[in-house]
Amino acid sequence: PNVTIIQHPLIQHKLTLMRREETSTAKFRQLLREISMLLAYEITRDLPLRKQLIKTPLGPMEAPILASEKKMVIVSIMRAGQGILDGILELIPSARVGHIGLYRDPRTFIPIEYYFRLPDDIEEREVLVVDPMIATGNTAVAAIERLKQTNPLSVKFLCLIASPEGIDHFHSYHPEVPLYTAAIDEHLDEHGYIIPGLGDAGDRLFG
Ligand code: HSX
């Protein structure tokens with residue numbers, strides 16, 4: 001399937017620290033910011049560059065800059081996506097930002113939309129959707145479905161931990177959307193939580 005596990009040792013190490021029960025909110029926040037920068041570094045490897053004529057103190061040169069820096073849109077699935085968004089924006093400060101608010105009905109696990117806001121010219125932009133967890137996959141499926149209605153140039157999905165069930169579900173609906181994750185965990189429990197996971201990402205991030 002269309003899944004990349006990002007294996008960088010720093011990412012794996014920080015994810016372990018985040019999983020630990022005793023990790024405080026402050027530490028969890030800091031780790032999520034750091035890990036998000038590292039994930040963004042890895043998944044932006046193939047961003048196209050263009051040449052720009054600049055002047056150093058000693059003379060002119062044609063130097064590489066990002067061809068599409070301003071064209072990227074990071075879409076955060078609220079609320080836990082905010083933690084990843086913050087980290088990525090430190091690395092790509094001129095990226096545009098969108099928000100999708102979805103909460104999971106605790107009984108049916110069906111996602112319910114309460115907010116949706118994207119930059120205007122989404123049809124000219126490449127979108128990276130971020131949310132720390134893909135559990136049942138319902139939230140990710142709904143977010144991408146909604147996004148596709150707006151016709152972006154391309155869409156990718158970045159998370160920290162996904163369940164095998166969630167990945168299958170996601171790709172049964174959106175097989176062409178590349179999924180990037182730092183880990184694939186064992187399974188889902190009957191409450192739709194990823195086991196062993198890290199608990200509820202929103203609660204650990206915000207309290
Ligand atoms: C958590 O539940 C995550 O941050 C996601 O937004 C969501 C994932 O659950 P699921 O829809 O994949 O089951 O709040």
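The structure we're discussing is the one just above.
Owing to the predicted nature of the structure, the values given are computational and were not obtained by experimental measurement.

**Student:** Explanation requested: the pairing of strand S7 (residues 126-130) in the structure shown.
**Tutor:** Across a regular strand the side chains alternate sides, sitting on one face of the sheet and then on the other. For S7, the tally of buried residues reaches four of five residues, placing the bulk of the element in the interior. Pairing analysis gives five bridges linking strand S4 (residues 72-78) to S7, with the strands arranged parallel. Opposite Val-75, over in S7, you have Val-129 as the bridge partner. Here five bridges tie S7 to strand S9 (residues 154-158), and the two strands are oriented parallel to one another.

**Student:** Whenever I open this one, the site of the ligand confuses me. Can you help?
**Tutor:** Close contacts around the ligand come from Ala-80, Arg-104, Asp-131, Met-133, Ile-134, Ala-135, Thr-136, Gly-137, Asn-138 and Thr-139, and that covers them all. Asp-131 places a polar side-chain atom, nitrogen or oxygen, 2.5 Å from an oxygen atom of the ligand. The separation between an oxygen atom of the ligand and a polar side-chain atom of Thr-139 is 2.4 Å. In the complex, 85% of the free accessible area of the ligand, which totals 360 Å², lies under the protein chains. Going through the elements one at a time, strand S8 (133-134) and helix H4 (138-148) are the ones with two or more residues in the shell around the ligand. The class makeup of the residues in the shell around the ligand is four nonpolar, four polar and two charged.

**Student:** Explanation requested: the sheet that holds strand S6 (residues 111-117) in the structure shown.
**Tutor:** By way of backbone hydrogen bonds, the strands of a sheet pair with one another, either parallel or antiparallel. Read across the sheet, seven strands follow the order S1-S11-S9-S7-S4-S5-S6 without closing on themselves; strand pairing throughout is mixed. Lying at the two open borders of the sheet, with one neighbouring strand each, are strand S1 (3-5) and S6. Neighbour-to-neighbour, the strand axes of the sheet open up by a mean angle of 20°, direction not taken into account.

**Student:** Sorry, what's going on with a nonpolar patch on the surface here?
**Tutor:** A contiguous nonpolar patch, built from Tyr-103, Ile-110, Ile-112, Tyr-114 and Tyr-115 and spanning about 480 Å² of accessible area, is present on the exposed surface. The biggest single contributor to the nonpolar patch is S6, with three residues. Relative to the helices and strands, Tyr-115 is located in strand S6.

**Student:** How should I be thinking about the environment of Leu-10 in this particular structure?
**Tutor:** With respect to the helices and strands, the residue Leu-10 is situated in helix H1 (residues 9-19). Assessed through its relative accessible area of 44%, Leu-10 is described here as partly exposed. For Leu-10 and Ile-194, which are 184 residues apart along the polypeptide, the C-alpha to C-alpha distance reads 22 Å.

**Student:** Looking at this structure, how should I read the sheet that holds S8?
**Tutor:** Taking strand neighbours across the sheet as the criterion, the three strands line up as S8-S10-S12 in an open arrangement whose pairing is parallel. Each edge of the open sheet carries a strand with a single partner, namely S8 and strand S12 (183-184). Across two bridges, strand S10 (residues 161-162) lies against S12 in parallel orientation. Paired with Ile-161 across the two strands is Ala-183, which belongs to S12.

What counts and what doesn't
Residues numbered from 1 in each chain as written. Predicted model: local features only at pLDDT ≥ 70, side-chain atom pairs only at ≥ 80, totals over all residues. Heavy atoms only, no water. Buried < 20%, exposed > 50% of the residue type's maximum accessible area, 1.4 Å probe, protein only. Helix = DSSP H or I, 4+ residues; strand = E, 2+ residues; numbered from the N terminus. Pairing = 2+ DSSP bridges. Near = heavy atom within 4 Å. Polar contact = N/O pair within 3.5 Å; in protein donor to acceptor, adjacent residues only side chain to side chain. Areas by Shrake-Rupley, 256 points an atom, 1.4 Å probe, with all protein chains shown as cover. Nonpolar A, V, L, I, M, F, W, Y, C, P; charged D, E, K, R; others polar. Axes fitted to C-alpha atoms, helices over the stretch in contact; angles between N-to-C directions. Patch = residues over 30% accessible without salt bridge, like charges linked within 9 Å, V, L, I, M, F, W, Y side chains within 5 Å. Salt bridge = Lys/Arg side-chain N within 4 Å of Asp/Glu carboxyl O.

Geometry only, nothing functional implied.
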